[in-house]
Amino acid sequence: MSDQAKNPPRDYLKPPMTEVGVLGWLRSNLFNTWYNSLLTVLVALLLWQLAPPFLKWAFFDSAWNTAPEVCYESEGACWSVVSKNINFIIFGFFPDGQQWRPGLSMLLLLGLVFYSRDRNHWRRSLGVYWLIGLSVMGTLMYGGVFGMPVVETAQWSGLPLTFMLSFFGMVAAYPLGVLLALGRRSRMPAIKSLCVIYIELIRGVPLISLLFMSSIMFPLFLPEGVTIDKVLRAQAAIILFTAAYIAEVVRGGLQAMPRGQFEAADALGLTYNQTMRLIILPQALKIVIPPTVGILLSAFKDTSLVVIIALYDVLKTTKVSLSNPKWTGFSTEAYIFLAVLYFICCYAMSSYSRRLEKELHTGH
Amino acid sequence: MDEMTTGATPATESIISIRSMHKWYGDFHVLSDINLEVQSQEKIVICGPSGSGKSTLIRCINRLEEHQRGQIIVDGTELTNDIKNIEKVRAEVGMVFQHFNLFPHLSILDNLTLGPIWVRKTPKKEAEEAAMMYLEKVHIAEQAKKFPGQLSGGQQQRVAIARSLCMNPKVMLFDEPTSALDPEMIKEVLDVMIDLAREGMTMLVVTHEMGFAKSVADRVMFMDYGQIVEQNSPHEFFDNPQHERTRLFLSQIL
Ligand SMILES: Nc1ncnc2c1ncn2[C@@H]1O[C@H](COP(=O)(O)OP(=O)(O)OP(=O)(O)O)[C@@H](O)[C@H]1O
Ligand SMILES: [Mg+2]
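The notes below deal with the structure included here. In this text the structure is predicted, and so the values were computed from the model without any measurement.

Reading the values: the criteria
- Residues numbered from 1 in each chain as written.
- Chains lettered and ligands numbered in written order.
- Predicted model: local features only at pLDDT ≥ 70, side-chain atom pairs only at ≥ 80, totals over all residues.
- Heavy atoms only, no water.
- Helix = DSSP H or I, 4+ residues; strand = E, 2+ residues; numbered from the N terminus.
- Rg over C-alpha atoms; globule rule 2.2 N^0.38 Å.
- Buried < 20%, exposed > 50% of the residue type's maximum accessible area, 1.4 Å probe, protein only.
- Areas by Shrake-Rupley, 256 points an atom, 1.4 Å probe, with all protein chains shown as cover.
- Contact = heavy atoms within 4.5 Å.
- Buried area = accessible area lost by both parts, 1.4 Å probe.
- Salt bridge = Lys/Arg side-chain N within 4 Å of Asp/Glu carboxyl O.
- Polar contact = N/O pair within 3.5 Å; in protein donor to acceptor, adjacent residues only side chain to side chain.
- Nonpolar A, V, L, I, M, F, W, Y, C, P; charged D, E, K, R; others polar.
- Pairing = 2+ DSSP bridges.
- Axes fitted to C-alpha atoms, helices over the stretch in contact; angles between N-to-C directions.
- 1 Å grid on protein atoms, 1.4 Å probe; cavity = no way out; pocket = protein on both sides within 12 Å on 5 of 7 lines; lining within 4 Å.
- Points joined across faces, edges and corners; volume = space filled by probe spheres on them.
- Parallel < 35°, antiparallel > 145°, perpendicular 65-115°, else oblique.
- Left-handed = near helix turned anticlockwise from the far one by under 90°.

### Examining the overall build of chain A
Across its full length, chain A carries 17 helices and zero strands. Computed over the C-alpha atoms, the radius of gyration of chain A is 27 Å, more than 25% above the 21 Å expected from 2.2 N^0.38 for a compact globule of 364 residues. By principal-axis analysis of the C-alpha atoms, chain A measures approximately 90 × 75 × 40 Å. Taken across its 364 residues, chain A has 40% of its residues classed as buried. Surface accessibility of chain A: about 21300 Å² in total, with carbon and sulfur atoms responsible for 69%.

Put into structure tokens, the structure is as follows:
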């Protein structure tokens, strides 16, 4: 190769101008066929029509941190509905003066998630950090020690509640789903049929009805005097629901594994558990990263359904803020804010999953 | 070593003994009345037409397939439904597959150390040293950090052989180890197998490489329709086949 480069046996010409550079890019991406050219022109026109008024509304004419009265006067967006209510939107009914506690918990959670992104950190110590982190978060939220007054879970609301329901929903549902998938492929008929029944039952009902059952029907079956925390019940419903979907996706990954992998593992004398843990699951779970992330994303967004059992997640606290007569007219702005919030979280997850896929790719 | 006194040798001397073994796939009687004694250090080449049951036979020896009648005893352990016995036999018997079956998500080195670390409980460092030694032996030590997907077929098959050797097996089974390879890679794999034979490994090799059979086999076995039709020393087998079917088969492949 290098010999050729030094001493070319023939002349190498530059590609024609229309193939490279800005012009080349435009040509091959936007104007390569007549209908693509037409679409490009239409989209450009549409942008020309829509973008300036939107920018004017959202930025140039907007009010950012004002009293609602100022907003009535102005033409632009009233972002004040978010900034003036931000405490309630984020922390909901968590008592005033104590809101640093959920704030700190969320920071801790984000910090741990951020730290865990790096695969080099996936060691035993990471589990220890998480255990410590989660107990600190629990203590911060509930209180009762170090002079922090107790805050019952009924008052946990807003963003911390959303984060909690979705984070534990995903983290607990994933391993449960994997176990269910393995169970569904088990040779033992009892285990197999239990898993099939579970998966099909759960997938046959909407999450809303599961939440209803957990909050209304489930307590009826408990003996007198025994109560299980409402947030916990909602959490359980979300976990059980998500796990069933994960199980089916993982089963697909298991089925995609070539038989030779099982045979090679068997031939080495590995036990069933070792084969699954060391050979099959690492490959199968990698194959199903894209659909798994899809499920985790919808689980994250579906946590907002807990409003129907009177839990106040971040969507509900926003709604409550809007029900204040002073702010009623500005729901568009508030919902845009929420959309951006959800989008940031979802986008972070999906781009991380793509990075993970790339890192785990070993050229086969 | 060349005496073929079937049945007369006491079972304790054979490392593998198969007695009146039958196997069915559903209704299909794929192996019928198989009797085979393999002595330690013996090299046996198995050949026969496609579908004659060669793969099935050697896969029964490490219980990748289950037999329904008769006995298979490997190194003193009889193969039954007892999973502990099966795992014990599998740890002593190495197998090389037609399609290599390396673990694509693990580096070459990790492919090699997996068995020793998890099955033999060898300390990691020791397992890695041994693995490097075997990679050296199959002339591929410089690829230790790569992944299987980055190697050629011949290199992958040599890694697969090294992976089996890392378990210090008493017996090695080969199921058409070169038939998925391009012609120029076949030799590099056969050379490794010939070295292994010289060192005294007990080997059962399903292959159509008759050159290999002639140079290393102690015994060549011909199978057809799920039966062992004929077995003999390579010299006798190729120059003086006893059965019509063997002659027909040899005329087709030589
Ligand atoms: N899992 C299975 N279920 C049913 N029949 C099978 C199965 N595996 C193999 N067979 C059949 O058993 C017979 C023997 O198969 P086997 O793979 O042992 O043949 P072989 O001698 O190794 O052939 P080849 O040279 O093509 O590899 C074939 O007729 C095959 O169709
Ligand atoms: Mg075969």
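### Some words on the interface of chain B and chain A
Taken together, the contacts link 24 residues of chain B with 21 residues of chain A. For the chain B and chain A pair, buried surface summed over both sides reaches about 2000 Å², with 63% attributable to carbon and sulfur atoms. For the interface between chain B and chain A, the tally reads two salt bridges. One salt bridge connects A:E263 with B:R59, and the closest N-O pair in it is separated by 2.7 Å. Across the contact surface, chain B and chain A share six residue pairs in polar contact (both at pLDDT 80 or more). Looking at the side of chain B that touches chain A, the elements with two or more residues in it are α2 (83–92), β6 (93–96) and α3 (108–118) of chain B. Within the side of chain B that touches chain A, the residues separate by chemical class into 13 nonpolar, six polar and five charged.

### Some words on the pairing of strand β10 (residues 227–232) of chain B
Residues and elements named next belong to chain B. Two elements, strand β9 (residues 219–224) and β10, share five bridges in a ladder whose sense is antiparallel. Bridge pairing links D224 to Q227 in β10. Connecting β9 to the antiparallel partner β10 that follows it, the hairpin turn spans two residues, and Y225 within it adopts a positive phi of roughly 50°.

### Examining the sheet that holds strand β1 (residues 14–25) of chain B
The strands making up a sheet are joined through hydrogen bonds of the backbone, oriented either antiparallel or parallel. Residue and element names in this part refer to chain B. On the basis of which strands lie adjacent, the open sheet formed by four strands has the order β2-β1-β4-β5 and antiparallel pairing. Looking along the sheet, the strands with just one partner apiece sit at the ends: β2 (28–39) and β5 (77–78). Contacts between helix α1 (residues 54–61) and the sheet are confined to β1, β2 and β4 (69–74), with β1 contributing the most and set at about 125° to the helix.

### Structural notes on the layout of surface pockets
Approximately 1100 Å³ is the volume attributed to the second largest pocket. Along the walls of the second largest pocket sit 25 residues, with A:R187, A:F262, A:D266, A:Y272 and B:R90 positioned nearest its centre. Counting residues per element, the ones that place at least two in the lining of the second largest pocket are α13 (259–268) and α14 (272–287) of chain A together with α2 of chain B. Of the residues in the lining of the second largest pocket, the class split is 10 nonpolar, four polar and 11 charged.

### Some thoughts on the sheet that holds β9(B)
Residues and elements named next belong to chain B. Pairing is mixed in the open sheet, where six strands are placed in the order β6-β7-β8-β3-β9-β10. Each edge of the sheet is formed by a strand with only one pairing partner; in this case those strands are β6 and β10. The sheet shows a mean angle of 20° between the axes of neighbouring strands, taken without regard to direction. Set on the sheet, α1 makes contact with β3 (43–47), β6, β7 (171–175), β8 (202–206) and β9; between it and β7 the angle comes to about 155°.

### Observations concerning the packing of helix α9 (residues 159–184) of chain A against α14(A)
Residues and elements named next belong to chain A. Across the interface, α9 lies against α14 with an axial gap of 13 Å and an inter-helix angle of 115°. By the angle class used here, α9 and α14 are roughly perpendicular. In this structure, α9 crosses over α14, and the sense of that crossing is right-handed. Contacts from Y174, V178 and L182 in α9 reach Y272, M276, L281 and L285 in α14.

In short, the description is geometric, and any link to function would need to be established separately.
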